[in-house]
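These are the residues of each chain, in order.
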Amino acid sequence: MANTKFFTQGQIDNAKLSLSDLPDLTPNRITREEMLTSLSDDIVTLSTKKGYSAADIKKALEGLDIQVSEKAIAEILKKSAGKSTRSRKPSRSSTNSNAGTQPSQDS
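Residues numbered from 1 in each chain as written. Predicted model: local features only at pLDDT ≥ 70, side-chain atom pairs only at ≥ 80, totals over all residues. Heavy atoms only, no water.

### Here we look at the overall build of the chain
Right, so step 1: Assigned secondary structure in the chain consists of 5 helices and 0 strands.
Right, so step 2: Taken from the N to the C terminus, the helices and strands of the chain come in the order α-α-α-α-α.
Right, so step 3: Burial status across the chain gives 13% buried among its 107 residues.
Right, so step 4: Contacts spanning at least 24 positions in sequence make up 47% of the contacts within the chain whose residues lie at least 6 apart.
Right, so step 5: In the form shown here, the chain has an accessible surface area of approximately 9,600 Å², with 53% of it arising from carbon and sulfur atoms. (Helix = DSSP H or I, 4+ residues; strand = E, 2+ residues; numbered from the N terminus. Buried < 20%, exposed > 50% of the residue type's maximum accessible area, 1.4 Å probe, protein only. Contact = heavy atoms within 4.5 Å. Areas by Shrake-Rupley, 256 points an atom, 1.4 Å probe, with all protein chains shown as cover.)

The structure is reproduced here in structure tokens:
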């Protein structure tokens, strides 16, 4: 069959109608980043509370037909560790060093 160089308005209308009737696939097509974000709490729990390494988690995900690099898992764990260190209270040395900088109130 030869390639058609011209199309009828009927063909175009039919194509538009057919294309508009196709189902939305976006809920079933999750990006790698969205998937990792969704699984990040579980990955952190496996590492911090159950003793799994990034390699162990990678292997478990591969068993579920989810291909993720060990580096991507390690990055999630690194971000998680960074969040927990930011919530620390100031050290004693920083609170004591401020004590000498306040002006005295000898009137």
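On we go.
### What about the environment of K71?
Right, so step 1: By secondary structure assignment, the location of K71 is in helix 4 (residues 70-86).
Right, so step 2: Residue K71 is classed as exposed on the basis of its relative accessible area of 60%.
Right, so step 3: Linking K71 and A54, residues 17 residues apart in sequence, is a C-alpha distance of 7.9 Å.

### Some points on the confidence of the model for the chain
Right, so step 1: Put simply, the chain has an average pLDDT of 83, and 76% of its residues get 70 or more.
Right, so step 2: Taken element by element, the chain is modelled with least confidence in helix 5 (residues 92-99), mean pLDDT 54, and with most confidence in helix 3 (residues 54-63), mean pLDDT 96. (pLDDT = per-residue confidence, 0-100.)

### Concerning the pattern of salt bridges
Pairing between side chains becomes possible if they bear opposite charge and their charged atoms approach one another.
Right, so step 1: Applying the stated rule across the entire model yields 2 salt bridges.
Right, so step 2: A salt bridge links E33 to R32; its shortest N-O distance comes to 3.9 Å.
Right, so step 3: The residue E62 makes a salt bridge to K58 at a minimum N-O spacing of 2.4 Å. Here E62 pairs with K58, and both are found in helix 3, just 4 residues apart, close to one helical turn.
Right, so step 4: By relative accessible area, E62 is classed as partly exposed at 32%.
Right, so step 5: By relative accessible area, which is 23% here, K58 ends up partly exposed. (Salt bridge = Lys/Arg side-chain N within 4 Å of Asp/Glu carboxyl O.)

### A few points about unusual backbone geometry
Right, so step 1: Even without glycine at this site, D65 takes up a positive phi of about 65 degrees.
Right, so step 2: Topologically, D65 is positioned in the loop between helix 3 and helix 4.

### Here we look at the nonpolar core
Generally speaking, soluble globular proteins have nonpolar side chains that are buried together.
Right, so step 1: In terms of nonpolar packing, the biggest core is built from 12 residues, these being M35, L36, I43, V44, A54, I57, L61, V68, A72, I73, I76 and L77.
Right, so step 2: At the level of elements, helix 2 (32-50), helix 3 and helix 4 are the ones that each hand at least two residues to this core.
Right, so step 3: Leave out the neighbours within four places in its chain, and I76 touches L36, S40, I43 and V44. (Core = buried A, V, L, I, M, F, W, Y, C linked by side-chain atoms within 4.5 Å.)

### Things to note about helix 3
Every α-helical turn comprises 3.6 residues, leaving residues that sit three or four positions apart pointing alike.
Right, so step 1: Every buried residue of helix 3 is listed here: A54, I57 and L61. Down the axis of helix 3, the buried side of the element spans an arc of 65 degrees, and every buried residue falls inside it. Facing away from the buried side of helix 3 by more than 90 degrees, the exposed set consists of K59 and G63. (Arc of directions from axis to C-beta.)

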